[in-house]
There are 2 protein chains.
Amino acid sequence: MQQLLAHLANFHHLSATAREAIQACVTETVHAKNDMLITQGQVCRYLYFLEKGCLRGYYHLDGKEITHWFGFEQDFVTSFHSFTTGQPSVENIQLMEGSVLWSISREALLKLLDEHHELERLVRIAYEKYYLRLEERYVNAQFKTAAERYEQLLEQSPHILERAPLGYVASYLGISQETLSRVRGRI
Amino acid sequence: MQQLLAHLANFHHLSATAREAIQACVTETVHAKNDMLITQGQVCRYLYFLEKGCLRGYYHLDGKEITHWFGFEQDFVTSFHSFTTGQPSVENIQLMEGSVLWSISREALLKLLDEHHELERLVRIAYEKYYLRLEERYVNAQFKTAAERYEQLLEQSPHILERAPLGYVASYLGISQETLSRVRGRI
DNA sequence: AGTTTCTTTTGACATCCGTCAAAAACCAAA
DNA sequence: TTTGGTTTTTGACGGATGTCAAAAGAAACT
């Protein structure tokens, strides 16, 4: 739910006027590695654009941290459910590297969408894409072995493996870190 | 993706005028048990409303049939992706009982949505609800044992267990029929 | 009732994967 | 380079679940 806007709304696909409008109402912030962007229980009032660095979204389940998405350069990220509903967030967003972010408040975003219809279209498309991905991950989780899931990640998203610690990736794949380590050794 | 409209657009929640408009442009069909409503590869041009009976959506994976949703009385059902895009369906829809269905063509539906805005709202809400459910099932698939998934189904959707063969339910839960049988014996 | 067919259960076994614990490798800072 | 912390690997073990095969039970048909 969280990174609806990520993975699709590539900054460079936007028209020049839309880009200018965005740049006019966002502010830059710099964060250190391991900083928390959003903590569980907080209300998330901003949408972020990740210019440099990477981060992850995770939640707690049975005392374990479950990383369920990663964000990288040029992704839009936020705690989507909290951002749209105003409810406290159920997830945490944490920087995995020192990062440069641009943020925009919910009010400013709504104004933007109003004035630049192309952005609204992007949001809707992002929505669909995000869920196609979720559906695929659901099938993978149920019907693929740990090794198959790892190999698929290796093919489709090698950048995740290069920049995220193994433990985060393991929970993302739904397996233990030890199993992932062994799977990796076999290949 | 398939049963976006199912699970939410309960017929009785609609206004009288909308209901009349629907009834004016749908046609009734009767199907026998095990009939195929949609077969993989076909384009699905109709949205169905299930008045009486029940059915399932399934696809093939590694030579096995995976049932991924069930439809019951008062559900709207279709092969959603095929219906909206016009692409051949990747899933099959099969009756589990002799059933009475109402069908509406895509063109007639679009006209309906145009003339009855409340229906459009229902579609959007159904969309969101469907994906929340998918997200929940994703978490269950990854982090719950077979027994926990079964018990949750028993609580939340006992009607499925009463009307669907065990083999269908097993693949729906992502476990083998034998395991489901044993889980059930233990409770 | 008897027969056939489909569905569910039971048994035996192998395998994948999680858990716990310890060792090894890697990294960063002094 | 040494030290301390973090990340990754390795080993041993047990449990959950899949697979294959057969038996038992239900339902449908004659």
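Everything discussed here concerns the structure shown above.
Attention in this report is confined to the structure presented alongside it.

So, how was this worked out
- Residues numbered from 1 in each chain as written.
- Chains lettered and ligands numbered in written order.
- Predicted model: local features only at pLDDT ≥ 70, side-chain atom pairs only at ≥ 80, totals over all residues.
- Heavy atoms only, no water.
- Helix = DSSP H or I, 4+ residues; strand = E, 2+ residues; numbered from the N terminus.
- Buried < 20%, exposed > 50% of the residue type's maximum accessible area, 1.4 Å probe, protein only.
- Contact = heavy atoms within 4.5 Å.
- Areas by Shrake-Rupley, 256 points an atom, 1.4 Å probe, with all protein chains shown as cover.
- Patch = residues over 30% accessible without salt bridge, like charges linked within 9 Å, V, L, I, M, F, W, Y side chains within 5 Å.
- Salt bridge = Lys/Arg side-chain N within 4 Å of Asp/Glu carboxyl O.
- Lys, Arg positive; Asp, Glu negative; His and termini not counted.
- Charge placed at Lys NZ, Arg CZ, Asp CG, Glu CD.
- Near = heavy atom within 4 Å.
- Polar contact = N/O pair within 3.5 Å; in protein donor to acceptor, adjacent residues only side chain to side chain.
- Nonpolar A, V, L, I, M, F, W, Y, C, P; charged D, E, K, R; others polar.

Some thoughts on the overall build of chain A
Then, in step 1: Helix and strand counts for chain A come out as eight helices and eight strands.
Then, in step 2: Expressed as a percentage of the 187 residues in chain A, the buried residues total 51%.
Then, in step 3: Considering only contacts within chain A whose residues lie at least 6 apart along the sequence, 72% involve residues at least 24 apart.
Then, in step 4: With the model as given, the accessible surface of chain A reaches about 9,400 Å², and the carbon-plus-sulfur share is 50%.

A few points about a negative patch on the surface
Then, in step 1: On the surface, A:Asp62, B:Glu148, B:Glu151 and B:Glu155 cluster together into a patch of negative charge.
Then, in step 2: Looking at where B:Glu151 falls in the secondary structure, it is placed in helix H5 (residues 146-156).
Then, in step 3: Residue B:Glu151 is classed as partly exposed on the basis of its relative accessible area, which comes to 41%.

Here we look at the protein's contact with DNA strand D
Then, in step 1: Around DNA strand D, 17 residues are found, and the nearest of them are A:Leu166, A:Ser181, A:Arg184, B:Ala146 and B:Thr179.
Then, in step 2: Sugar plus phosphate: this is where 51% of the atoms of DNA strand D within 4 Å of the protein reside.
Then, in step 3: At 2.6 Å from a phosphate oxygen of DNA strand D is found a side-chain nitrogen or oxygen belonging to B:Thr179.
Then, in step 4: The set of elements that each furnish at least two residues to the surface near DNA strand D consists of helix H7 (166-173) and helix H8 (177-185) of chain A together with helix H8 (177-185) of chain B.
Then, in step 5: If you tally residues by element for the surface near DNA strand D, the top one is H8(A), at five residues.

Regarding the protein's contact with DNA strand C
Then, in step 1: The local shell around DNA strand C holds 17 residues, among which A:Ala146, A:Thr179, B:Leu166, B:Ser181 and B:Arg184 are the closest.
Then, in step 2: Contacts to DNA strand C include B:Arg184, whose side-chain N or O atom sits 2.8 Å from a phosphate oxygen.
Then, in step 3: Looking at the surface near DNA strand C, the elements that each hand over two or more residues are H8 of chain A together with helix H7 (166-173) and H8 of chain B.
Then, in step 4: Top element by residues in the surface near DNA strand C is H8(B). It accounts for five residues.
Then, in step 5: Here the surface near DNA strand C is built from residues that sort into four nonpolar, seven polar and six charged.

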